[in-house]
Amino acid sequence: MLYSIVRPIAKLGIRVFYRKIYLSNTARIPRNKPVILAANHPTGFMEPCILACYLDRPLSFLVRGDFFKKPLYRRLLNSLHMLPVYRVKDGGLSVVKNNFETFDYCFNALRANKTLMILAEGSAEHEKRLRPLKKGTARIALGTLETYPDLENVYIVPVGVNYTYAELPRTEVMIDFGEPMLASDYLAFYKENPNQTINDFIGNLYERLAERI
């Protein structure tokens, strides 16, 4: 409910803040399929806002788990389709186990042909280059197929987000969508050697994202 209310308001604010927003190759995002949009993260929160407002489908987002500490904040963020990802630096190893609940939600969402957005670098930096990627994108994509073997595939679309000047108003945003990676291409190797397969997956995703940035 809150997502649908906030979306048009946020879109108006984005139109005022940025002079122009270009989206290219959106046809590469599969329809009615399990999709992960794996994007770079040059700003604090604008990438999810822009894609939520300009794509013709609802999105769910993975965001920092420490935002969810208070029950009121948790309810508010959940109503905006935001899901917590807990990092060691946000609370030590004791909080990381909470990610199992989030991963289960992601697996079920993808099985239902929903679209997730993951900020693949894991943290925001105002840099015009791609930083190392975290492993969560691979773990969710492959974990979904492992949990639901009847699911045909998970499509991982690399999303390059570029700003003329990310921190300034009335600048331009350029977002380019790459050809999807197929999680099924890695599944057999993942069952034999999970750690190496996740590294290979992330390496391939890095190359595809770097081409769009």
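Here the structure is a predicted model, which is why all the values come from computation and not from measurement.

Parameters and conventions
- Residues numbered from 1 in each chain as written.
- Predicted model: local features only at pLDDT ≥ 70, side-chain atom pairs only at ≥ 80, totals over all residues.
- Heavy atoms only, no water.
- Helix = DSSP H or I, 4+ residues; strand = E, 2+ residues; numbered from the N terminus.
- pLDDT = per-residue confidence, 0-100.
- Phe/Tyr/Trp six-rings, centres within 6.5 Å; stacked < 30°, edge-to-face > 60°.
- Buried < 20%, exposed > 50% of the residue type's maximum accessible area, 1.4 Å probe, protein only.
- Salt bridge = Lys/Arg side-chain N within 4 Å of Asp/Glu carboxyl O.
- Core = buried A, V, L, I, M, F, W, Y, C linked by side-chain atoms within 4.5 Å.
- Contact = heavy atoms within 4.5 Å.
- Arc of directions from axis to C-beta.

Draft legend 1. Molecular detail of unusual backbone geometry. For N32, which is not a glycine, the phi torsion comes out positive at approximately 55°. Of note, N32 is situated in the loop between β1 (20–24) and β2 (35–39).

Draft legend 2. Seen up close, the confidence of the model for the protein. Confidence along the protein averages 90 in pLDDT terms, with 95% of residues attaining 70 or more. Across the protein, the element-wise mean pLDDT spans from 62 in helix α4 (residues 93–96) up to 98 in strand β8 (residues 181–182).

Draft legend 3. Inspection of the packing of aromatic side chains at higher detail. One pass over the full model with this rule turns up four aromatic pairs. Look at F17 and Y18: their rings are 4.9 Å apart centre to centre, the planes differ by 85°, and that puts the pair in the edge-to-face class. Note on F103 and F107: the rings are 6.3 Å apart at their centroids and 55° apart in plane angle, and the pair reads as tilted. Here F103 and its partner F107 are both found in helix α5 (residues 99–111), four residues apart, which amounts to about one turn of the helix. Residues F103 and F107 agree in their burial class; the two are buried. Through a chain of ring-to-ring contacts, three or more aromatic side chains come together here, namely F17, Y18 and Y163.

Draft legend 4. The pattern of salt bridges, seen in detail. Tallied over the entire structure, the rule returns seven salt bridges. Two residues, E172 and R19, come together in a salt bridge whose shortest N-O distance is 2.4 Å. Placement of E172 in strand β7 (residues 172–177) and of R19 in the loop between α1 (2–17) and β1 is noted, with a sequence separation of 153 residues between them. Taking the relative accessible area as the measure of exposure, R19 reaches 51% and is therefore exposed. The shortest N-O distance in the salt bridge between D176 and R212 comes to 2.8 Å.

Draft legend 5. Representation of the nonpolar core. Core analysis: the biggest nonpolar cluster contains 33 residues, and I36, I140, V154, I156 and F201 have the highest contact counts within it. Elements that contribute at least two residues to this core include exactly β2, α5, β5 (115–119), α6 (136–147), α7 (184–192) and α8 (194–210). Residues within four places of I140 in sequence aside, it is in contact with I36, L62, F103, C106, F107, L110, L116 and I118. Residues L59, V159, V161 and Y163 belong to the second largest nonpolar core, which totals 31 residues.

Draft legend 6. Representation of α7. Y186, L187 and Y190 are the residues of α7 that are buried. Seen end-on, α7 carries its buried residues on one side only, within an arc spanning 120°. Seen from the open side of α7, the exposed residues pointing more than 90 degrees away from its buried face are A188, F189 and E192. If you follow the buried residues of α7, they end up packed against α6, β8 and α8.

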